[in-house]
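# Understanding the architecture of this molecule
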Amino acid sequence: MDSDGTLDDLDERLVSALQADGRASASDLADATGIATSTATRRLRRLEAAGVVGGSRPNVDYDAVGYDVTAVFRLDVDGEGLADVVEDLRETGRMIGVYEVTGSDDVVAIGKFASTDAMNAQIRTMQAHEHVRSLTVNVARDVVAESAAPPVPADDE
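What this report covers is the structure whose coordinates are included nearby. These numbers were taken from a predicted model, which means no experiment stands behind them.

As a further point, take the overall build of the protein chain. Within the protein chain one finds five helices and four strands. Mapped in sequence order, the helices and strands of the protein chain form the string α-α-α-β-α-β-β-α-β. Overall, the C-alpha framework of the protein chain stretches about 55 × 35 × 25 Å when taken along its three principal axes. Within the protein chain, the fraction of its 157 residues that count as buried is 31%. Summarising the internal contacts of the protein chain: among those between residues at least 6 apart in sequence, 64% fall at separations of at least 24. Counting every atom, the protein chain has about 10000 Å² of accessible surface; 46% of that belongs to carbon and sulfur.

Structure below.
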């Protein structure tokens, strides 16, 4: 990483290799990027310390574990209650993403549910929230792509 906090080419290659295999060892990363294991280890520690990478999460097949319903929630929230709504959504344990957004909605959240009954219970809870002015819900017919990491570096410049 450069002194200004931007990733250099080698860091970008290491992050890309981690995106491909989050369980890769330093030796695996070294092989994938064409560098020495000691260099990969040192660079990885620096990326972790800077908060660029960290932790490891499995890529879960939600259908396989019983979460057959995916819903996208779009909420219009009064300004003073935005932090409360976002925190309440985060705490449900069912949201895989919660975003404050621009446009006609204030919050977009994506949730996973074992049944439409469970989703409907969440909808009722959200509708009753004192700071939610309106709520729109879209149920996904099919999950086409999920948990796909964008490339590093961003190629949309």
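Its volume calculated, the largest pocket comes out at about 1200 Å³. If you trace the largest pocket, you find 35 residues lining it, with Ser56, Arg57, Pro58, Asn59 and Ser147 closest to the centre. Of all the secondary structure elements, the ones that give two or more residues to the lining of the largest pocket are α1 (9-20), α3 (37-49), β1 (69-77) and β2 (95-100). Its residues assigned to classes, the lining of the largest pocket shows 21 nonpolar, nine polar and five charged.

Among the residues of helix α2 (residues 26-33), those classed as buried are Leu29, Ala30 and Thr33. Buried residues of α2 fall within an arc of 100 degrees about the axis and therefore sit on the same side. Of the exposed residues in α2, those oriented more than 90 degrees away from the buried face are Asp31 and Ala32. Close packing links the buried residues of α2 with α1 and α3. Taken from the residues just after α2, glycine 34 is the one with a positive phi, measuring 75 degrees.

A separate point is the packing of α1 against α3. Their axes nearest at 11 Å, the elements α1 and α3 cross at an angle of 85 degrees. In terms of their interaxial angle, α1 and α3 are classed as roughly perpendicular. Across the interface between the two elements, Leu10, Asp11, Leu14, Val15 and Leu18 from α1 touch Thr39, Ala40, Arg43, Leu44, Arg46 and Leu47 from α3. Taken together, the residues of the contact of α1 with α3 sort by class into seven nonpolar, one polar and three charged.

Residue placement: glycine 103 occurs in the loop between β2 and β3 (107-113). A residue is classified by how much of its surface remains accessible, and glycine 103, at 65% relative accessible area, is exposed. Placed 39 residues apart in sequence, glycine 103 and aspartate 142 show a C-alpha to C-alpha distance of 26 Å.

Quick look at the nonpolar core now. Phe73, Leu75, Leu89, Phe113, Met119 and Leu135 are the most contacted members of the largest nonpolar core, which has 17 residues in total. Mapped by element, the contributors of at least two residues to this core are β1, α4 (82-91), β3, α5 (116-128) and β4 (132-139). Ranked by residues supplied to this core, first place goes to β1 with five residues. Setting aside residues up to four positions removed in sequence, leucine 75 forms contacts with Val85, Leu89, Asp105, Asp106, Val107, Met126, Val132, Ser134 and Leu135.

Viewed as axis vectors pointing N to C, α2 and α3 meet at an angle of 110 degrees, and their least axial separation amounts to 8 Å. It follows that α2 is roughly perpendicular to α3 by the angle criterion. For the pair formed by α2 and α3, the contact residues are Ala26, Ser27, Leu29 and Ala30 on the first element and Thr37, Ala40, Thr41 and Leu44 on the second.

Turning our eyes to something else, we now look at the side chain of histidine 129. One can find histidine 129 in the loop between α5 and β4. What makes histidine 129 buried here is its relative accessible area of 18%. If sequence neighbours within four positions are ignored, histidine 129 has contacts with Asp84, Val85 and Asp88.

The rules behind the values
Residue positions within a chain follow its written sequence, with the count starting from 1. Restriction of local features to residues with pLDDT of at least 70 applies here, the model being predicted, together with a cutoff of 80 or more for giving and counting side-chain atom pairs; totals for whole chains, interfaces and linings are based on all residues. Remark: hydrogens and water are excluded; side-chain values derive from all non-hydrogen atoms of the structure. For the purposes of this entry, the term helix denotes a DSSP run of H or I that reaches at least four residues, the term strand denotes a run of E that reaches at least two, and both are numbered from the N terminus. Note on exposure labels: buried denotes an accessible area under 20% of the residue type's maximum, exposed denotes more than 50%, and partly exposed covers the range between, all computed with a 1.4 Å probe on protein chains only. Pairs of residues are marked as contacts when any of their non-hydrogen atoms sit within 4.5 Å. What sets the accessible areas is the Shrake-Rupley method with a 1.4 Å probe; for residues, cover comes only from the shown protein chains. Here a cavity denotes a set of grid points, spaced 1 Å apart and computed over the protein atoms alone, in which a 1.4 Å probe fits but from which it cannot get out, and a pocket denotes an open set meeting protein on both sides within 12 Å along at least five of seven lines; residues with an atom within 4 Å of a point are reported as lining. Grid points are joined across faces, edges and corners, and a volume is the space filled by probe spheres set on the points. Under this grouping Gly is polar, as are all residues other than the nonpolar Ala, Val, Leu, Ile, Met, Phe, Trp, Tyr, Cys and Pro and the charged Asp, Glu, Lys and Arg. Of all possible arcs, the one meant is that of the directions from the helix axis to the C-beta atoms. Each axis is a line fitted through C-alpha atoms, and for a helix only the stretch in contact is used; angles between axes span 0 to 180 degrees, taken between their N-to-C directions. When an angle is under 35 degrees it counts as roughly parallel; over 145 it counts as roughly antiparallel; between 65 and 115 it counts as roughly perpendicular; any other value is oblique. Only buried residues count toward a nonpolar core, which is a set of Ala, Val, Leu, Ile, Met, Phe, Trp, Tyr and Cys residues joined through side-chain atoms within 4.5 Å.

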